[in-house]
Amino acid sequence: MTTTAITNIGSLVTNDPALGDGTPLGLIQNATVVIENETVAWVGPADKAPAADEAYDAQGRAAIPGFVDSHSHLVFAGDRTAEFNARMSGRAYSAGGIRTTVAATRAASDAALEANLVRHLDEARRQGTTTFETKSGYGLTVQDEARALRIAAAHTEEVTYLGAHIVSPDYADDPAGYVALVTGEMLTACAPYARWVDVFCEKGAFDGDQARAILTAGAAAGLIPRVHANQLSYGPGVQLAVELEAASADHCTHLTDADVDALAQAAGTTVATLLPGAEFSTRAQWPDARRLLDAGATVALSTDCNPGSSYTSSMPFCIALAVRDMGMTPDEALWSATAGGARALRRTDIGTLTAGARADLVLLDAPSHVHLAYRPGVPLVSAVWQRGRKTA
């Protein structure tokens, strides 16, 4: 088995306080990482590194774990430039815009949907993302939801059934009938391709009772719940996520004190996943990350990459937004975009650079991870290893 040592790392983020400086990032200066096949074999100070078969000189660059993007919507077709342009000219965002993408996605071929997915994955990987979750939700028929998940499952193990994105236009006059479809025939067709079940619990989409029925049915089929919660308004989404022990409550923009307390008490089970790209793209209120962190909640950052409300695949951009507008420190934002995302996916093999972890590593063309927020918009990713293989 061939081993590769990435040497001369100026500053290494391990996300393991026991390995480094005692902070949550576990920083090691002048470090080496040894990779064996798909796994990290050794991490530590360069002067203690074991011999390896090959070496890659990082030339003093900072190294971080690959980003874990735990919330995206990448199986879609069409373009919503006109909607974005209108919104930036003063029209408020609403969930109804999803219907535009539904029509385009239904009309697209499997090959076109997969090509678009792969294009976005390549784009994200060049920006340091090595793990991503993605959802269905733009088909809203049994056949279209199942094919979206089948296409996604060929590219990631983190696939989410989101038949409950909005009520299908086909059931506009029969929401109860659509919930029955989502919890019945559609779930049966989609469950074999998915790990997760999600619901948009929001005015204009699904109320608390409908969301509970959908998530409960998904759990009975072996899927783990996640929730689009409290994005556009105060509502039951966060409390429902905690009640059902969902892996994450995503968005968390409008929170009561009771919501924050619930997420803090459930910090070991339900992650508050914040999606600043959505607020940036809709000129909406920013989530208050500082409030959640100070309360003790576990926080993740993700892109929410989708064609309507957050058309970005850049985790570095989301880190910069979180630091600038959501009260996070650069250290907190990076942890949330790596280890936090892994927690939201209930994974222990990613989001860290420790012995036994998957060898997902990003070199930055900078001496410190702080440059991700310090130099927003600058393409700082110098090299990417995914499962031990250099991909960018």
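Read on for an overview of the structure. (Residues numbered from 1 in each chain as written. Predicted model: local features only at pLDDT ≥ 70, side-chain atom pairs only at ≥ 80, totals over all residues. Heavy atoms only, no water.)

For the rest of this paragraph, the subject is unusual backbone geometry. Here Q59, not a glycine, exhibits a phi torsion of approximately 55°, which is positive. Although it is not a glycine, R346 sits at a positive phi angle of roughly 50°. Considering the arrangement of structural elements, one finds R346 in the loop between α14 (339-344) and β16 (361-364). Residue classification places R346 among the partly exposed positions, given a relative accessible area of 36%. (Helix = DSSP H or I, 4+ residues; strand = E, 2+ residues; numbered from the N terminus. Buried < 20%, exposed > 50% of the residue type's maximum accessible area, 1.4 Å probe, protein only.)

Moving on, we come to the packing of helix α3 (residues 110-126) against helix α4 (residues 142-153). α4 packs onto α3 with a crossing angle of 45° between their chain directions and a minimal axis gap of 10 Å. The orientation of α3 with respect to α4, classified from their angle, is oblique. Like other packed secondary-structure pairs, α3 and α4 cross with a definite hand, here right-handed. Taken together, the residues of α4 that come into contact with α3 (itself represented by D110, L113, E114 and L117) are R147, R150, I151 and A152. Of the residues belonging to the contact of α3 with α4, the class tally is 4 nonpolar, no polar and 4 charged. (Axes fitted to C-alpha atoms, helices over the stretch in contact; angles between N-to-C directions. Parallel < 35°, antiparallel > 145°, perpendicular 65-115°, else oblique. Left-handed = near helix turned anticlockwise from the far one by under 90°. Contact = heavy atoms within 4.5 Å. Nonpolar A, V, L, I, M, F, W, Y, C, P; charged D, E, K, R; others polar.)

Another point: the packing of aromatic side chains. Aromatic rings in a pair are described by how distant their centres are and how their planes are angled relative to each other. Taken as a whole and judged by the stated rule, the model has 6 aromatic pairs. Considering the side-chain rings of Y56 and W385, the 4.9 Å spacing of their centres and the 85° angle between planes classify their relative orientation as edge-to-face. Of the two residues, Y56 is situated in strand β4 (residues 54-57) and W385 in strand β17 (residues 381-386); the sequence distance between them amounts to 329 residues. Ring geometry for F76 versus Y311: centroids 6.0 Å apart, planes at 75°, classification edge-to-face. Residue F76 is located in the loop between β6 (67-69) and α1 (81-88), and its partner Y311 is located in the loop between β15 (299-301) and α12 (315-325); the two are separated by 235 residues in the primary sequence. Ring pairs connect the aromatic residues F76, Y138 and Y311, which therefore count as one cluster. (Phe/Tyr/Trp six-rings, centres within 6.5 Å; stacked < 30°, edge-to-face > 60°.)

Quick look at the packing of helix α5 (residues 175-183) against helix α7 (residues 208-220) now. Their axes nearest at 9 Å, the elements α5 and α7 cross at an angle of 15°. One finds that α5 runs roughly parallel with respect to α7. Helix-helix and strand crossings are classified by hand; for α5 and α7 the assignment is right-handed. Taken together, the residues of α7 that come into contact with α5 (itself represented by P175, V179, V182 and T183) are Q210, A213, I214 and A217. For the contact of α5 with α7, the class distribution of residues is 6 nonpolar, 2 polar and no charged.

This brings us to the pairing of strand β13 (residues 248-251). As paired elements, strand β12 (residues 227-229) and β13 share 3 bridges and run parallel to each other. Residue V227 lies in a different strand from β13, and its bridge partner there is A249. Between the parallel elements β12 and β13, the chain passes through helix α8 (residues 237-243) in a crossover that is right-handed. Sheet topology note: the β13/strand β14 (residues 271-274) ladder contains 3 bridges and is parallel. When the sheet's bridge partners are listed, D250 is paired in β14 with T273. Considered for its hand, the β-α-β crossover made up of β13, helix α9 (residues 257-265) and β14 is right-handed. (Pairing = 2+ DSSP bridges. Right-handed = clockwise from strand over helix to strand, strands pointing away.)

In this section: α3. The terminal C-alpha atoms of α3, which comprises 17 residues, lie 25 Å apart, in line with the 24 Å expected from a rise of 1.5 Å per residue. All of the buried residues in α3 are L113, N116, L117, H120, L121 and A124. Projected down its long axis, α3 carries its buried residues within an arc of 135°, all on one side. Summarising the geometry of α3, the exposed residues directed more than 90 degrees from the buried face are A111 and R126. Where α3 ends, the next residue or the one after it, G128, has phi of about 100°, a positive value. (Expected span 1.5 Å × (residues − 1). Arc of directions from axis to C-beta.)

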